[in-house]
Amino acid sequence: MSMGPSGASILLVIVAVAVGAWLYLKPTGEVSPLSLQRYAGFESNMEAVALRNCTPPGCAAVYLTPTVGRASQEALPGALKLAGELEQQGIECFVVLGEEPVKEAVKRARGIRRPVVFDPHGEWAKESGIEKAPYWIVWRTGGNVRLRSNEPISAGDVASAIR
């Protein structure tokens with residue numbers, strides 16, 4: 001007479017729960033299709049841009065939340081350096097200022113002196129699997145994520161990830 005579930009049944013349930021938790025918690029494999037506002041400079045208008053549809057072969061973004069902690073502020077010079085290096089290679093790199101009202105972000109963008117993209121409510125970040133800034137993300141045109149990092153990455157890392 002059986003005294004409960006078999007050992008194999010228990011193991012199968014544990015494995016199924018572990019796989020389900022992993023699938024639920026892993027970041028998404030695609031960049032969000034949301035359009036964000038891009039600020040190119042003081043005298044130009046803001047334009048809507050869908051980061052997912054960048055020029056081939058792909059692009060990168062550095063997601064910063066300058067109003068939350070010092071880590072994003074300290075990462076900004078490295079992000080600007082990376083954007084400059086990638087621009088020379090013909091790869092788009094977006095500096096995304098998130099979780100900050102657009103009015104305040106525009107003031108900050110004027111000091112950056114390069115095009116930036118605004119994600120005022122953090123919706124693009126959430127849909128793209130970004131949990132904490134600063135965050136570096138690389139994707140191929142169409143939105144398939146190729147590289148994610150909480151640590152700064154190099155232009156070589158970006159180029160090898162999208163090619």
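Residues numbered from 1 in each chain as written. Predicted model: local features only at pLDDT ≥ 70, side-chain atom pairs only at ≥ 80, totals over all residues. Heavy atoms only, no water.

**Student:** Sorry if this is basic, but what is going on with the overall build of the chain here?
**Tutor:** Across its full length, the chain holds five helices and seven strands. By the compact-globule yardstick of 15 Å for 163 residues, the chain is too spread out, its C-alpha radius of gyration being 20 Å. Taken along the three principal axes of its C-alpha coordinates, the chain extends 80 × 35 × 25 Å. Relative to its 163 residues, the chain shows a buried fraction of 39%. Taking as baseline every contact in the chain between residues at least 6 positions apart, the subset at least 24 positions apart corresponds to 61%. Of the accessible surface of the chain, which amounts to about 9,500 Å², a share of 57% is contributed by carbon and sulfur atoms. Separation between the mean location of the 17 positive side-chain charges and that of the 16 negative ones in the chain comes to 2 Å. (Helix = DSSP H or I, 4+ residues; strand = E, 2+ residues; numbered from the N terminus. Rg over C-alpha atoms; globule rule 2.2 N^0.38 Å. Buried < 20%, exposed > 50% of the residue type's maximum accessible area, 1.4 Å probe, protein only. Contact = heavy atoms within 4.5 Å. Areas by Shrake-Rupley, 256 points an atom, 1.4 Å probe, with all protein chains shown as cover. Lys, Arg positive; Asp, Glu negative; His and termini not counted. Charge placed at Lys NZ, Arg CZ, Asp CG, Glu CD.)

**Student:** Please explain the sheet that holds strand β2 (residues 47–50) as it appears in this structure.
**Tutor:** Each strand in a sheet pairs with another by means of backbone hydrogen bonds, the pair being arranged parallel or else antiparallel. The strand order across the open sheet built from seven strands is β2-β1-β5-β4-β3-β6-β7, with neighbouring strands paired in mixed fashion. Since the sheet does not close on itself, it has two edges, and those belong to β2 and β7 (145–149), each with one partner. Sheet twist, expressed as the average angle between the axes of neighbouring strands with direction ignored, equals 30 degrees. Inspection of the sheet shows strand β1 (residues 35–39) paired to β2 by four bridges, in the antiparallel sense. Within the sheet, the bridge partner assigned to S35 lies in β2 and is A50. Strands β3 (58–64), β4 (92–98) and β6 (135–140) of the sheet are contacted by helix α2 (residues 71–89), whose axis makes an angle of about 165 degrees with β3. The sheet strands contacting helix α3 (residues 102–112) are β1, β4 and β5 (116–119), and the helix crosses β5 at an angle near 160 degrees. (Pairing = 2+ DSSP bridges. Axes fitted to C-alpha atoms, helices over the stretch in contact; angles between N-to-C directions.)

**Student:** Is there a simple way to explain the packing of aromatic side chains in this structure?
**Tutor:** The geometry of two aromatic rings is summed up by the distance between their centres and the angle between their planes. Applying the stated criterion across every chain, the model contains four aromatic pairs. Measuring from ring centre to ring centre gives 6.2 Å for Y39 and F118, while their planes differ by 35 degrees; the resulting arrangement is tilted. Separated by 79 residues along the polypeptide, Y39 in strand β1 and F118 in strand β5 bring together distant segments of the chain. Residue classification places F118 among the buried positions, given a relative accessible area of 1%. (Phe/Tyr/Trp six-rings, centres within 6.5 Å; stacked < 30°, edge-to-face > 60°.)

**Student:** Is there a simple way to think about the pattern of salt bridges in this case?
**Tutor:** A side chain with one charge can pair with a side chain of the opposite charge if their charged atoms come near. Inspection of every chain in the model, using the stated rule, returns six salt bridges. R70 is paired through a salt bridge with E74; the nearest N and O atoms lie 3.8 Å apart. Taken individually, R70 and E74 each receive the classification exposed, so the pair is uniform in this respect. With a closest N to O distance of 4.0 Å, E85 and K81 form a salt bridge. Separated by four residues within a single helix, E85 and K81 lie in helix α2, roughly one turn from each other. (Salt bridge = Lys/Arg side-chain N within 4 Å of Asp/Glu carboxyl O.)

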